[in-house]
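Fold and contact review
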Amino acid sequence: MSAKLHAVLSASGGMDSTSLLLHFLAAEYHVHLVSFRYGQKHVLELDFLRRNLEYLRTHGYELEWHVVDLAGVAPLFHSALIEGGEAVPVGHYEQDNMRATVVPNRNAIFASIAYAWALSLAQKNNSTVKFGLGVHSGDHAIYPDCRPEFFGKLLDAFAAGNWDSERVEAYLPYLHGDKASILRDAVTNCDKLELDFDRIFANTLTSYSPGADGRSAGLTGSDVERILAFDEIGRIDPLPYEHSWEIVLAQAKKLRDDFVGSSSADRGT
């Protein structure tokens, strides 16, 4: 390994980890990517990631990428996101029914493997290495393993359980940001890297219920959050949906407004 800065990134093929990849590249890191097959219904996301890595290769970025097969543990998990699980719910991300999309201990598993790889690289090459995840505040309501207090305790455990833990630095730049701020960061970094933002994000899959071609109806919580974020930054999502942008945006706004209205009614306001 050269003296260049190195980072290990847990990459799903979604917009958050793809934005963090751009963030690392713009900061001139050599990025090592690790992805996971864990029996997820939306495993098509890895094909989308492959397309982006091929695009980046045409711009001179040769990135090491490993896909870890955890599919054997899928039958042990209870989640709507796992093959054989219940139907993925629709609605706003913060609705209680979205808890069905929690995969038990998922981020602890992914972070543990990414951390172990980062530490191994650091020890092997007598260097320091960052490891990154694209977790953000929009996930905090439904996913406890995306919250700052979770990562604080997890990283303490990693440090207590490993020699040379001072060589690894967790990098979670979006932890307190939202989806729109992630996209703004990606726009800035695409401009810096002279990359096509729309081409990259057309090759990101966020939906938990995509069709065989990656198109979705735009109704799952992850879809709604993404659609509203693109609208907030004044851009049309380049990812095709089953319906026009105008239709999926109107649907997303209605689901948001219905959720906000029901929440206000519950509080008696």
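Relevant structure appears above.
Residues numbered from 1 in each chain as written. Predicted model: local features only at pLDDT ≥ 70, side-chain atom pairs only at ≥ 80, totals over all residues. Heavy atoms only, no water.

Some details on the packing of aromatic side chains
- Enumeration over the complete set of coordinates arrives at 11 aromatic pairs.
- An angle of 70° between the planes, with centres 5.8 Å apart, marks the rings of Tyr93 and Tyr143 as edge-to-face. In this pair, Tyr93 is assigned in the loop between β3 (64-69) and α3 (106-125) and Tyr143 in the loop between β4 (129-132) and α4 (148-160), connecting sequence segments 50 residues apart. Comparing Tyr93 with Tyr143 shows no difference in burial state: the two are buried.
- Summarising the aromatic geometry, the rings of Phe201 and Phe230 are spaced 6.4 Å apart at their centres and angled 75° between planes, so their arrangement reads as edge-to-face. Taken together, the residues Phe201 in helix α6 (residues 197-202) and Phe230 in helix α7 (residues 221-232) connect sequence positions 29 residues apart.
- Phe201 gets classed as buried once you look at its relative accessible area, which sits at 0%.
- Residue classification places Phe230 among the buried positions, given a relative accessible area of 0%.
- Each member of the aromatic cluster is reached from another via a ring pair, and the members are Phe24, Tyr29 and Tyr171.
- Directly above the aromatic system of Phe48 lies the positively charged group of Arg51, at a separation of 4.3 Å from the ring centroid.
- We note Lys130 situated over the ring of Tyr171; from NZ or CZ to the ring centre the distance is 4.3 Å. (Phe/Tyr/Trp six-rings, centres within 6.5 Å; stacked < 30°, edge-to-face > 60°. Helix = DSSP H or I, 4+ residues; strand = E, 2+ residues; numbered from the N terminus. Buried < 20%, exposed > 50% of the residue type's maximum accessible area, 1.4 Å probe, protein only. Lys NZ or Arg CZ within 6 Å of the ring centre and 35° of its normal.)

Here we look at the sheet that holds strand β2 (residues 30-37)
- An order of β3-β2-β1-β4-β5 is seen for the five strands of this open sheet, with the pairing classed as parallel. Among the strands making up the open sheet, the edge pair consists of β3 and β5 (168-171). Sheet twist, expressed as the mean angle between neighbouring strand axes with direction ignored, is 20°.
- Examined bridge by bridge, strand β1 (residues 6-10) and β2 share five bridges and lie parallel to one another. Within β2, the position partnered with Val8 by the bridge is His32.
- Taken strand by strand, helix α1 (residues 15-26) contacts β1, β2, β4 and β5, and its axis lies near 175° from that of β1. (Pairing = 2+ DSSP bridges. Axes fitted to C-alpha atoms, helices over the stretch in contact; angles between N-to-C directions. Contact = heavy atoms within 4.5 Å.)

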